[in-house]
Amino acid sequence: MEVRERIRSLQEKMKEEKIDYYLIPTADYHNSEYVNEFFKVRQYFSGFTGSNGSLVISRSQAGLWTDGRYFIQAEKELSGSGITLFRMQEEGVPTIEEYLAQNMKEGETLGFDGRVVTASYGKKLEKALKEKHVVIRYEKDVAGSLWKDRPLMPDNPVSVLPESVCGLRTAQKLEQVRERMKEKGCTAHLLAKLDDLMWLFNIRGKDIAYNPVALSYGFFTMNDAWLFLQERAVSDELRQYAEENGITIKNYDEIAEFLGTAAKGKVLLDEANVSYALYRILRDNAEIAADDNPTEKLKAIKNPVELAHMEEVYLKDSVALTKFIYWLKTNIGKIPMNEYSAAMYLDNLRRNVEGFLDLSFPTISGYQENAAMMHYEATETENKELKAEGMLLVDSGGQYMGGTTDVTRTIVLGEISEEVKKHFTLVAVGMLNLTAAKFLHGCTGRNLDILAREPLWNLNIDYKCGTGHGIGYILNVHEGPQNIRWRFTDTMKEAVIEPGMVISNEPGVYKEGSHGIRTENIIVVRNGEKNGDGQFMYFDTLTYVPIDLCGIEPSCMQEREILRLNDYHKAVYEKVSPYLTEEERCWLKEATAPIKNN
């Protein structure tokens, strides 16, 4: 097997380099969730294609750690590789640092490319392995050097967004960042998180598929700003824009040398999003103030211009998905179709929407048991035929000039069992329960998660992921710091839910070998009534797509839950029907008809 040969070649190189264990995370130089092909070293050496996972190789063994979204997928893709799968956060499964502390011997050497390991994780490894006096070697990309025919580093042109789309000028955003630097007593700030950089400078790139970002760094003092980009990424328009905004553009590869000489005083940085390699340079030259990037929260709270554009974009996107469901429901069993061709049909509908730029992630189209893999992706050659039975889960979204969308619907194509119908109904109930929440300012997603999860927990069912994540604005489909989840680890951030934040709401059921169900709407946080008890908050809905009534069992619902579904469907029809054909409108009228508990 090819993976076995690649691991053997790395083990030989490790012996030559006097390295006993080697760590390969899923990351680029900026800790991006999704990475360009150039950075998929872990995938090259493991065969595992998921977006999250870390590979640890010793002289004689190999293990891969990934989270619950990918357990089923990883088990399949690692089959025959000789790599042991470690299911993260499962009982009895050690973390990587625990595994290394247990297995490494006194004075052995751990290697990794310090550019793709974060400062916070590098420090955690230092602490975990200190007692064994483990030597850490981070200066070389040992694994990457063995990748034959490795793709080139991306260096696509960067574009400047029109001011009418952004709501705030770069100068205003820089002023906000410097205010927070001043509050923390910092004289400088290193910013390495790509979507934060794009937001701050009102620019967008094309260096990561589906994520409109460019490989870049930013460094700021109270008076100056530097933007580090690859030479081919810089257009004449961008140079002029930078000059007008007092920004000095420097070459991307100069960042390490620049920090070695220019970084003085107290430097603010987010250790979870700055590489260990750059952290080591700063540690030797300046005082480090470790804290969240100010841009993260500023970016997460959408301004009125951004929210207005997002409302328009989500309606257009909802219309496209509603048309897709109509087409699928009326043609299933009549014309040949499969998971891939259905996804392509939906993708083409989106491409015809005004303002469309790209998909926001590869469309997930999983039929029957394939839907149990949360991030399953059908291909032109590997797909499942759709029949007039069971269910198709479709998770999809688009990048538009005016917003980033994400929505999931599970569509009933024919007969399903009573058990599956019960699961489908309670997923919808959980989603609507969370949407209806009223809560006090100060709550985090941990306070709210139970509203979506409780109907399933009552059946002793859980889903191995969070209920919600932040959504970017013409940026990454996954955005922090806000999220909705019940369990946190020391690597996860927990943030107060603020007005203007946009969050996904996506409970689900995933039964290996049987079925997967997810119903996802995007919601925006609003201020409600303020009184003597505090500032109350609520959610508005951005997504208006019917929930398949063929999967709903009213007897599993309380009266208020039925009212919530009926009210939602009434709004779906009112908002979406004006953009449909007569045939589509007639279908949608029936698809959103009120239900009763008989």
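Above: the structure in question.
Residues numbered from 1 in each chain as written. Predicted model: local features only at pLDDT ≥ 70, side-chain atom pairs only at ≥ 80, totals over all residues. Heavy atoms only, no water.

Caption draft 1: Quick look at the overall build of the chain. Scanning the chain for helices and strands turns up 18 helices and 28 strands. The C-alpha atoms of the chain give a radius of gyration of 25 Å, which matches the 25 Å a tight globule of 598 residues would have. Seen along its three principal axes, the alpha-carbon backbone of the chain occupies a region of about 70 × 55 × 50 Å. Residues counted as buried form 57% of the 598 residues belonging to the chain. Within the chain, contacts between residues at least 6 apart in sequence are counted, and of these 69% link residues at least 24 apart. As presented, the chain carries roughly 25,300 Å² of accessible surface, and 47% of it is formed by carbon and sulfur atoms. (Helix = DSSP H or I, 4+ residues; strand = E, 2+ residues; numbered from the N terminus. Rg over C-alpha atoms; globule rule 2.2 N^0.38 Å. Buried < 20%, exposed > 50% of the residue type's maximum accessible area, 1.4 Å probe, protein only. Contact = heavy atoms within 4.5 Å. Areas by Shrake-Rupley, 256 points an atom, 1.4 Å probe, with all protein chains shown as cover.)

Caption draft 2: Layout of the sheet that holds strand S16 (residues 364–367). Spatially, the three strands line up as an open sheet ordered S16-S17-S20, and their pairing is antiparallel. This sheet does not close on itself; its edge strands, each paired only once, are S16 and strand S20 (407–412). Adjacent strand axes in the sheet meet at a mean angle of 10° when their direction is disregarded. Of the pairings in the sheet, the one linking S16 to strand S17 (residues 391–396) comprises four bridges and is antiparallel in character. Residue pairing in the sheet places glycine 366 in a bridge with leucine 393 of S17. (Pairing = 2+ DSSP bridges. Axes fitted to C-alpha atoms, helices over the stretch in contact; angles between N-to-C directions.)

Caption draft 3: Spotlight on the pairing of strand S26 (residues 515–518). A two-sided burial pattern is seen for S26, the buried positions comprising His515 and Ile517 on one face and Gly516 and Arg518 on the other. In this structure, strand S25 (residues 508–511) lies alongside S26, joined through four bridges in antiparallel fashion. Looking across to S26, one finds that lysine 511 is bridged to histidine 515. As consecutive antiparallel partners, S25 and S26 are separated by three residues, and within that stretch glycine 513 has a phi angle of approximately 75°, a positive value.

Caption draft 4: Looking closely at the packing of aromatic side chains. Taken as a whole and judged by the stated rule, the model has 24 aromatic pairs. Here tyrosine 217 and tyrosine 252 contribute two aromatic rings whose centre-to-centre distance is 5.2 Å and whose plane-to-plane angle is 25°, an arrangement assigned as stacked. Pair noted here: tyrosine 217 is in strand S10 (residues 216–221) and tyrosine 252 is in the loop between strand S12 (247–251) and helix H10 (255–262), with a separation of 35 residues, a long-range link. Residue classification places tyrosine 252 among the buried positions, given a relative accessible area of 2%. Taking the centre distance of 6.0 Å and the plane angle of 35° together, the rings of phenylalanine 324 and tryptophan 327 count as tilted. Separated by three residues within a single helix, phenylalanine 324 and tryptophan 327 lie in helix H13 (residues 304–331), roughly one turn from each other. Here phenylalanine 324 matches tryptophan 327 in class, with each residue buried. An aromatic cluster is built from Phe112, Tyr138, Tyr276 and Tyr279, whose rings are joined through pairwise contacts. (Phe/Tyr/Trp six-rings, centres within 6.5 Å; stacked < 30°, edge-to-face > 60°.)

Caption draft 5: Local environment of the sheet that holds S10. Taken together, the six strands give an open sheet; going across it, the order is S12-S11-S10-S8-S13-S14, and neighbouring strands pair in mixed fashion. Unpaired on one side and paired on the other, S12 and strand S14 (287–290) mark the two borders of the sheet. Geometrically, the sheet is characterised by an average inter-axis angle of 25° between neighbouring strands, direction not taken into account. Where strand S8 (residues 188–191) and strand S13 (residues 266–269) come together, two bridges link them in parallel fashion. Its bridge partner lying in S13, histidine 189 is registered against leucine 268. Across the face of the sheet, helix H11 (residues 276–285) comes into contact with S8, S10, S13 and S14 while running at roughly 130° to S14.

Caption draft 6: Local environment of the nonpolar core. Phe324, Leu328, Leu386 and Phe439 are the most contacted members of the largest nonpolar core, which totals 67 residues. Ranked by residues supplied to this core, first place goes to helix H15 (residues 418–435) with nine residues. If near-sequence neighbours (up to four positions away) are discounted, phenylalanine 324 is found in contact with Ala342, Tyr345, Leu346, Leu349, Val394 and Ile411. If you look at the next biggest cluster of nonpolar residues, it comprises 56 residues, including Val116, Leu194, Ala233 and Tyr252. (Core = buried A, V, L, I, M, F, W, Y, C linked by side-chain atoms within 4.5 Å.)

Caption draft 7: Unusual backbone geometry, seen in detail. That bond from glycine 480 to proline 481 is cis: its omega, 10°, falls within 30 degrees of zero. By the element assignment, proline 481 lies in strand S23 (residues 479–484). The phi torsion at asparagine 202 lies on the positive side, around 55°, for a residue other than glycine. As for its placement among the helices and strands, asparagine 202 is situated in the loop between helix H8 (194–201) and strand S9 (203–204).

Caption draft 8: Focus on the pattern of salt bridges. Across all of its chains, the model carries 44 salt bridges by this definition. In this structure, glutamate 354 and lysine 316 form a salt bridge, with 3.8 Å as the shortest nitrogen-oxygen distance. Of the two residues, glutamate 354 is situated in the loop between helix H14 (339–351) and strand S15 (356–359) and lysine 316 in helix H13; the sequence distance between them amounts to 38 residues. The partner of arginine 518 in a salt bridge is glutamate 506, and the shortest N-O contact between them spans 3.8 Å. Taken together, the positions of arginine 518 in strand S26 and glutamate 506 in the loop between strand S24 (502–505) and S25 put the pair 12 residues apart, joining distant regions of the chain. Across the pair, exposure class does not vary: arginine 518 and glutamate 506 are buried alike. Several salt bridges converge on common partners, so that one network encompasses Lys193, Asp195, Asp196, Lys299, Lys302 and Glu479. (Salt bridge = Lys/Arg side-chain N within 4 Å of Asp/Glu carboxyl O.)

Caption draft 9: Fine view of the packing of H13 against H14. In contact at an axis separation of 9 Å, H13 and H14 are set at 145° when each is read in the N-to-C sense. As H13 runs across H14, the sense of the crossing is right-handed. Contacts between H13 and H14 involve Asp317, Ala320, Leu321, Lys323, Phe324 and Trp327 from the first element and Ala342, Tyr345, Leu346, Leu349 and Arg350 from the second. (Left-handed = near helix turned anticlockwise from the far one by under 90°.)

Caption draft 10: Quick peek at the packing of H15 against helix H16 (residues 445–457). Interaxial distance between H15 and H16 falls to 8 Å at its minimum, and their mutual angle equals 160°. Judged by the angle between their axes, H15 and H16 are roughly antiparallel. In this structure, H15 crosses over H16, and the sense of that crossing is right-handed. Counting all contacts with H15, which are made through Leu426, Val427, Val429, Gly430, Asn433 and Leu434, the residues of H16 involved are Leu448, Leu451, Ala452, Pro455 and Leu456. Among the residues forming the contact of H15 with H16, the class breakdown is nine nonpolar, two polar and no charged. (Parallel < 35°, antiparallel > 145°, perpendicular 65-115°, else oblique. Nonpolar A, V, L, I, M, F, W, Y, C, P; charged D, E, K, R; others polar.)

Caption draft 11: Looking closely at a nonpolar patch on the surface. A cluster of nonpolar residues, Ile450, Leu451, Trp457 and Trp486, forms a patch on the protein surface that exposes about 330 Å² of accessible area. As for its position among the elements, tryptophan 457 is in helix H16. (Patch = residues over 30% accessible without salt bridge, like charges linked within 9 Å, V, L, I, M, F, W, Y side chains within 5 Å.)

Caption draft 12: Structural view of the environment of isoleucine 595. Within the secondary structure, isoleucine 595 is located in the segment after helix H18 (582–591). C-alpha of isoleucine 595 to C-alpha of isoleucine 552: the two residues are 43 residues apart in sequence and 9.2 Å apart in space.

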